[in-house]
Amino acid sequence: MDMMDFIADIQWGNALYQLVIFSLLIWVVSRWALKPLLGVMKKREQQVNDNLDNAEKSRAEAEQYLEQQREELKKAREDTQAMIDNANKMSEQQAKEILDNAKAEGERLKEAAAADINREKEQALESVRDQVASLSVAIATKVIEKELDEDEQEKLIDSYLKEVGNE
Amino acid sequence: MSTVAALIVAIFSIVGARKLAMRPTGLQNFIEWVMDFTKYIITSNMAWEKGGRFIALAYTLLFYIFVANMLGIPFELATETDHYALWNSPTSDPVLTLTMAAFVIILTHIYGFKLRGAKEYFADYFRPSPILFPFKIIEEFSNFLTLGLRLFGNIFAKELVTILIISLAGLGTLGALLAWIPLAPWLAFGIFIGALQAFIFAMLSMVYMAHKVESH
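A quick note: this is a predicted structure, and the numbers were derived from the prediction, not measured.

1. Some words on the overall build of chain A
Link 1 in the chain: Helix and strand counts for chain A come out as three helices and zero strands.
Link 2 in the chain: Counting over 167 residues, chain A shows a buried share of 11%.

Shown next as structure tokens:
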């Protein structure tokens, strides 16, 4: 009987009220607060993950790009060096060529000049010889006029020729 | 009083989740922190795949009991003659705490039955040995009683001592002047106990839930 009294003494109304209130609270909180909040938290987690992944990817890409640039720079430098070397070689060669040409030209000019001089000399001698011949003819006529013998005429011509050759 | 606590929890939660932003500020931060804490309580007892569904239960238990424990801290109102409390911690009422404990224990049975099937559920009473069956039955009742009465005992004792200290002030001028010396640390301790008991209640609820829901 005591047990029954005790059970009857319990404020069952309060207990039931509390049960209803608490169940209602769980439902309300879950429906209007936790579900949207969980969604946002999940979304944020996703976003952070994505961002981290993206950052990692960008970093790798940047590194690769940098490596590529470095490679290209190196190549460009090598190319330039090769070009400079080439140009140096070429200019040296050109200089040598020009010099050689000039030397050859000089030689040729010198030879041409010498040939000219010789030719002039020949011509001069030729004309002198012509003149001597005509002179000698003139002298001969004069001498013949003076009745010269052949010996004296020969001597005379020779002496004239010698004089002309020494000139 | 229980209604007031429930309203406070509902308002805080809903206002905190009203303007959801990817960069949380103010109240949303606080609510998210409470949720993370609840998550920690659940995951320290069972796998998240199984425990995730209990987050609403654990969150509400934790938050509601904390608020209920705090309600008695600032002041109390009671009628003089039959000591009917108008304003106190609702958790200092054994009917309320035992109702909550019964609610939780019954839920553990329901979910244990639902998630693991009848065979596994009943087999658990005879594990690891059939001799333990009566103890298992006793365990269920003792779980219910200790869960409810621990909360009740702590908060009731806190309120009782608070009332005793305050009644010192009624002893005369000296008492009124000196009553705050024990009262201040006692109320600080009361806040600590209130927070701790809320955590313990939510933690134990999840421990019992894990026992029923997880296969061993």
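2. A closer look at the UniProt feature "transmembrane region" (unreviewed entry) in chain B
All names here are of chain B.
Link 1 in the chain: The UniProt record marks residues 54–75, 95–113, 160–181 and 187–210 with the feature "transmembrane region" (unreviewed entry), using the residue numbering of this structure.
Link 2 in the chain: The span residues 95–113 shows a helical share of 100% and a strand share of 0%, and its end C-alpha atoms are spaced 27 Å apart.
Link 3 in the chain: Across residues 187–210 one finds 100% helix and 0% strand; the C-alpha atoms that close the span lie 34 Å apart.

3. Quick word on helix H4 (residues 55–71) of chain B
Link 1 in the chain: Its 17 residues place the ends of H4(B) 24 Å apart at the C-alpha level, agreeing with the 24 Å of an ideal helix rising 1.5 Å per residue.
Link 2 in the chain: Taken across its 17 residues, H4(B) has 16 buried, putting it largely inside the fold.

4. Quick notes on the packing of aromatic side chains
Link 1 in the chain: Per the stated rule, a full pass over the model turns up 20 aromatic pairs over all chains.
Link 2 in the chain: Taking 4.8 Å as the distance between ring centres and 15 degrees as the angle between the ring planes, the aromatic pair formed by Phe126(B) and Phe133(B) counts as stacked.
Link 3 in the chain: You can call Phe133(B) partly exposed: its relative accessible area is 32%.
Link 4 in the chain: With centroids separated by 5.5 Å and ring planes inclined at 50 degrees, the aromatic side chains of Trp186(B) and Phe189(B) adopt a geometry described as tilted. Here the residue Trp186(B) and the residue Phe189(B) both occupy positions in helix H8 (residues 180–213), the gap between them amounting to three residues, near one helical turn.
Link 5 in the chain: Note on Phe189(B): relative accessible area 36%, which makes it partly exposed.
Link 6 in the chain: One aromatic cluster is present, formed by Phe12(B), Phe30(B), Trp33(B), Phe37(B), Tyr40(B), Tyr59(B), Phe63(B) and Phe199(B) through successive ring pairs.
Link 7 in the chain: Its end group placed over the ring of Trp32(A), Arg31(A) keeps NZ or CZ at 5.1 Å from the ring centre.

5. Some words on a negative patch on the surface
All names here are of chain A.
Link 1 in the chain: The grouping of Glu150, Asp151, Glu152, Glu154 and Asp158 at the surface amounts to a negative patch.
Link 2 in the chain: With respect to the helices and strands, the residue Asp158 is situated in helix H3 (residues 150–166).
Link 3 in the chain: Taking relative accessible area as the criterion, Asp158 reaches 45% and is therefore assigned partly exposed.

6. Focus on the interface of chain A and chain B
Link 1 in the chain: At the junction of the two partners, chain A supplies 25 residues and chain B supplies 31 residues.
Link 2 in the chain: Between chain A and chain B, the buried area comes to about 2500 Å², and carbon and sulfur atoms account for 79% of it.
Link 3 in the chain: One can count two residue pairs in polar contact (both at pLDDT 80 or more) joining chain A with chain B.
Link 4 in the chain: The class makeup of the residues in the side of chain A that touches chain B is 17 nonpolar, six polar and two charged.

7. Comments concerning the packing of H4(B) against H8(B)
All names here are of chain B.
Link 1 in the chain: Packing of H4 against H8 brings their axes to within 8 Å, and their N-to-C directions diverge by 155 degrees. Considering the angle they form, H4 stands roughly antiparallel to H8. Considering the relative orientation of H4 and H8, their crossing is right-handed. Between H4 and H8, the contacting residues are Leu57, Ala58, Leu61, Leu62, Ile65, Phe66, Asn69 and Met70 on the first element and Gly190, Ile191, Gly194, Ala195, Gln197, Ala198, Phe199, Phe201, Ala202, Ser205, Met206 and Met209 on the second.
Link 2 in the chain: For the contact of H4 with H8, the class distribution of residues is 15 nonpolar, five polar and no charged.

8. Section: helix H6 (residues 133–168) of chain B
Residue and element names in this part refer to chain B.
Link 1 in the chain: Taking 1.5 Å of rise per residue, 36 residues should cover 52 Å, and H6 covers 52 Å from first to last C-alpha, within 8% of that figure.
Link 2 in the chain: Listing the buried residues of H6 in full gives Glu140, Asn143, Leu147, Gly148, Leu151, Phe152, Ile155, Lys158, Glu159, Thr162 and Ile165.
Link 3 in the chain: Buried residues along H6 sit against H4, helix H5 (94–123) and H8.

9. Remarks on the packing of helix H1 (residues 2–16) of chain B against helix H2 (residues 26–43) of chain B
Residue and element names in this part refer to chain B.
Link 1 in the chain: Here H1 crosses H2 at 115 degrees, and the two axes come no closer than 8 Å. With respect to their mutual orientation, H1 and H2 come out roughly perpendicular. For the pair H1 and H2, the sense of crossing is left-handed. On the side of H1, the interface is formed by Phe12, Ser13, Val15 and Gly16, while H2 contributes Leu27, Gln28 and Ile31.

10. Topic: the pattern of salt bridges
Residues and elements named next belong to chain A.
Link 1 in the chain: If you walk through the whole model with that rule in mind, you get ten salt bridges over all chains.
Link 2 in the chain: A salt bridge links Arg70 to Glu67, with the nearest nitrogen and oxygen atoms 3.7 Å apart. One end of the pair, Arg70, and the other, Glu67, are both in helix H2 (residues 12–145), three residues apart, so they sit about a helical turn from each other.
Link 3 in the chain: Under the relative-accessibility criterion, Arg70 is labelled partly exposed at 49%.
Link 4 in the chain: Owing to a relative accessible area of 42%, Glu67 belongs among the partly exposed residues under this scheme.

11. With respect to the confidence of the model for chain A
Link 1 in the chain: In this model, chain A carries a mean pLDDT of 87, and residues with pLDDT of at least 70 account for 96%.
Link 2 in the chain: The weakest mean pLDDT in chain A belongs to helix H1 (residues 2–9) of chain A at 74; the strongest belongs to H2(A) at 90.

12. A short note on the side chain of Ser92(B)
Residue and element names in this part refer to chain B.
Link 1 in the chain: Within the secondary structure, Ser92 is located in the loop between strand E2 (85–87) and H5.
Link 2 in the chain: You can call Ser92 buried: its relative accessible area is 7%.
Link 3 in the chain: A distance of 3.2 Å separates a polar atom in the side chain of Ser92 from a polar atom in the side chain of Glu159.
Link 4 in the chain: Non-local contacts of Ser92, meaning those with residues more than four positions away in its chain, are made with Phe152, Ile155, Phe156 and Glu159.

13. Some words on a nonpolar patch on the surface
Residues and elements named next belong to chain A.
Link 1 in the chain: A contiguous nonpolar patch, built from Met3, Met4, Phe6, Ile7 and Trp12 and spanning about 580 Å² of accessible area, is present on the exposed surface.
Link 2 in the chain: Here the nonpolar patch gets four residues from one element, more than from any other, and that element is H1.
Link 3 in the chain: Note on placement: Ile7 falls in helix H1.

About the criteria used
Residues numbered from 1 in each chain as written. Chains lettered and ligands numbered in written order. Predicted model: local features only at pLDDT ≥ 70, side-chain atom pairs only at ≥ 80, totals over all residues. Heavy atoms only, no water. Helix = DSSP H or I, 4+ residues; strand = E, 2+ residues; numbered from the N terminus. Buried < 20%, exposed > 50% of the residue type's maximum accessible area, 1.4 Å probe, protein only. UniProt positions renumbered as here; feature names shortened; annotations may be inferred. Expected span 1.5 Å × (residues − 1). Phe/Tyr/Trp six-rings, centres within 6.5 Å; stacked < 30°, edge-to-face > 60°. Lys NZ or Arg CZ within 6 Å of the ring centre and 35° of its normal. Patch = residues over 30% accessible without salt bridge, like charges linked within 9 Å, V, L, I, M, F, W, Y side chains within 5 Å. Areas by Shrake-Rupley, 256 points an atom, 1.4 Å probe, with all protein chains shown as cover. Salt bridge = Lys/Arg side-chain N within 4 Å of Asp/Glu carboxyl O. Lys, Arg positive; Asp, Glu negative; His and termini not counted. Charge placed at Lys NZ, Arg CZ, Asp CG, Glu CD. Contact = heavy atoms within 4.5 Å. Buried area = accessible area lost by both parts, 1.4 Å probe. Polar contact = N/O pair within 3.5 Å; in protein donor to acceptor, adjacent residues only side chain to side chain. Nonpolar A, V, L, I, M, F, W, Y, C, P; charged D, E, K, R; others polar. Axes fitted to C-alpha atoms, helices over the stretch in contact; angles between N-to-C directions. Parallel < 35°, antiparallel > 145°, perpendicular 65-115°, else oblique. Left-handed = near helix turned anticlockwise from the far one by under 90°. pLDDT = per-residue confidence, 0-100.

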